[in-house]
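Chain by chain, the residues:
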Amino acid sequence: MKKYFLLTLLSAVSLIANAQVKFISSGRIEFEKRSNQFSYYDQEDDQSPWVVEMKKAFPKMVSETYVMDFNEEKTVYKMLKEDPAGKYVWGRKPSEDDVIVKDIKTGQIALQRDIFEQTYLIKDSLRNYKWRMTNETRTIAGFECRKAVTIISDSVYIVAFYTDEITVSSGPESFGGLPGMILGLAVPRLQMTWFATKVELKEPAATALTPKQKGKTVTWAAYEKDLNRAMADWGKYGAKVLWNSML
């Protein structure tokens, strides 16, 4: 009888432990973002003296660490560390002040973003991405993730890997809308990737979920209109800057 009771108790403990691992609704995720600084320049630019010298002076790939604090109601995403070498091509260095707050409960986003000399604060509804699910899976930071794809800005292909073991629907940058947390993201056209490297299971402090934000308050539509107007004469380079700015 004691043996049976012990086995039952151990089984119950195992089930509880597995449930705690399987259904995560709060914590902190660290992402490594890697990007090709030279992807903004097309092959025809390679003969330009400025581009030739730039490629000699700067590294092709840079990486930053981003962090997301989250619970069932809100996620806050911001940069934690810039590239260790700190050698960024002009216009490519990320802003330490950028922060993205997604209110899952109300379906709203507040995204602060520095674009050259202008700080924007986008306040709007969470974006409604039309995701297409696939059967492909990948393990990221110890979680089995399923692949989904979508398109933004009419032609920019986005690949995401999400896990339903983290029940909060969010992800890096403005992305979300999947049945779980996005732990991997890729934008092949811009040669950028985001992959989770660490997931901490802890309740974030209230201060971490209520950052101060500032900037010119706009909707997504007004923000895109402003950028289109500013970059109208920038050619292919401007198109890539715009795509990046809309992530």
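Residues numbered from 1 in each chain as written. Predicted model: local features only at pLDDT ≥ 70, side-chain atom pairs only at ≥ 80, totals over all residues. Heavy atoms only, no water.

Undergrad: Would you take a moment to explain a nonpolar patch on the surface for this structure?
TA: Taken together, the side chains of Trp90, Phe116 and Trp234 define a hydrophobic patch exposed on the protein surface, amounting to about 350 Å² of accessible area. Within the secondary structure, Phe116 sits in the loop between β5 (108-115) and β6 (118-125). (Patch = residues over 30% accessible without salt bridge, like charges linked within 9 Å, V, L, I, M, F, W, Y side chains within 5 Å. Areas by Shrake-Rupley, 256 points an atom, 1.4 Å probe, with all protein chains shown as cover. Salt bridge = Lys/Arg side-chain N within 4 Å of Asp/Glu carboxyl O. Helix = DSSP H or I, 4+ residues; strand = E, 2+ residues; numbered from the N terminus.)

Undergrad: How should I be thinking about the packing of aromatic side chains in this particular structure?
TA: Aromatic rings considered in pairs are described by the distance between their centres and by the relative angle of their planes. Counted under the stated rule, the structure contains 13 aromatic pairs. One cation-aromatic arrangement involves Arg127 over Trp220; the distance from NZ or CZ to the ring centre is 3.9 Å. Looking at Arg138, its charged tip hangs above the ring of Phe161, at a distance of 5.8 Å from the centre. (Phe/Tyr/Trp six-rings, centres within 6.5 Å; stacked < 30°, edge-to-face > 60°. Lys NZ or Arg CZ within 6 Å of the ring centre and 35° of its normal.)

Undergrad: I tried to follow the side chain of Ser39 on my own but got confused; where do I start?
TA: Mapping Ser39 onto the fold places it in the loop between β1 (27-36) and α2 (49-57). Of note is the side chain of Ser39, whose polar atom sits 3.1 Å from the backbone oxygen of Leu190. If we ignore the near neighbours within four places in the chain, the residues touching Ser39 are Leu190, Gln191 and Lys240. (Polar contact = N/O pair within 3.5 Å; in protein donor to acceptor, adjacent residues only side chain to side chain. Contact = heavy atoms within 4.5 Å.)

Undergrad: Could you clarify how one ought to interpret helix α4 (residues 235-245) in this entry?
TA: Since there are 3.6 residues in each turn of an α-helix, residues three or four apart along the chain are aligned in direction. Counting buried residues along α4, 8 of its 11 residues qualify, which places the element largely inside the surrounding structure. Within α4, the full set of buried residues consists of Tyr237, Gly238, Lys240, Val241, Leu242, Trp243, Asn244 and Ser245. Contacts made by the buried residues of α4 are with β5, β9 (156-163), β11 (192-200) and α3 (220-230). (Buried < 20%, exposed > 50% of the residue type's maximum accessible area, 1.4 Å probe, protein only.)

Undergrad: Before we go on, may I ask you to explain the nonpolar core in this structure?
TA: A general tendency of soluble globular proteins is for nonpolar side chains to be buried together. Of all hydrophobic cores here, the largest spans 60 residues; its most connected members are Trp131, Ile158, Phe175, Leu183, Tyr223 and Leu247. Among the nonpolar cores identified, the runner-up in size contains 5 residues, and Val76, Val99, Ala110 and Leu209 belong to it. (Core = buried A, V, L, I, M, F, W, Y, C linked by side-chain atoms within 4.5 Å.)

Undergrad: Help me understand the sheet that holds β5 in this model?
TA: By definition, the strands of a sheet pair up through backbone hydrogen bonds, in either a parallel or an antiparallel sense. Spatially, the 12 strands line up as an open sheet ordered β7-β8-β9-β10-β11-β1-β2-β3-β4-β5-β6-β12, and their pairing is mixed. Of all the strands in the sheet, the pair left with one neighbour each is β7 (132-140) and β12 (216-218). If you compare each strand with its neighbour and ignore which way they point, the axes differ by 25° on average. For strand β8 (residues 143-152) and β9, the ladder comprises 7 bridges, and the chain directions are antiparallel. In the sheet register, Ala148 faces β9, and the bridge partner there is Ala160. (Pairing = 2+ DSSP bridges. Axes fitted to C-alpha atoms, helices over the stretch in contact; angles between N-to-C directions.)

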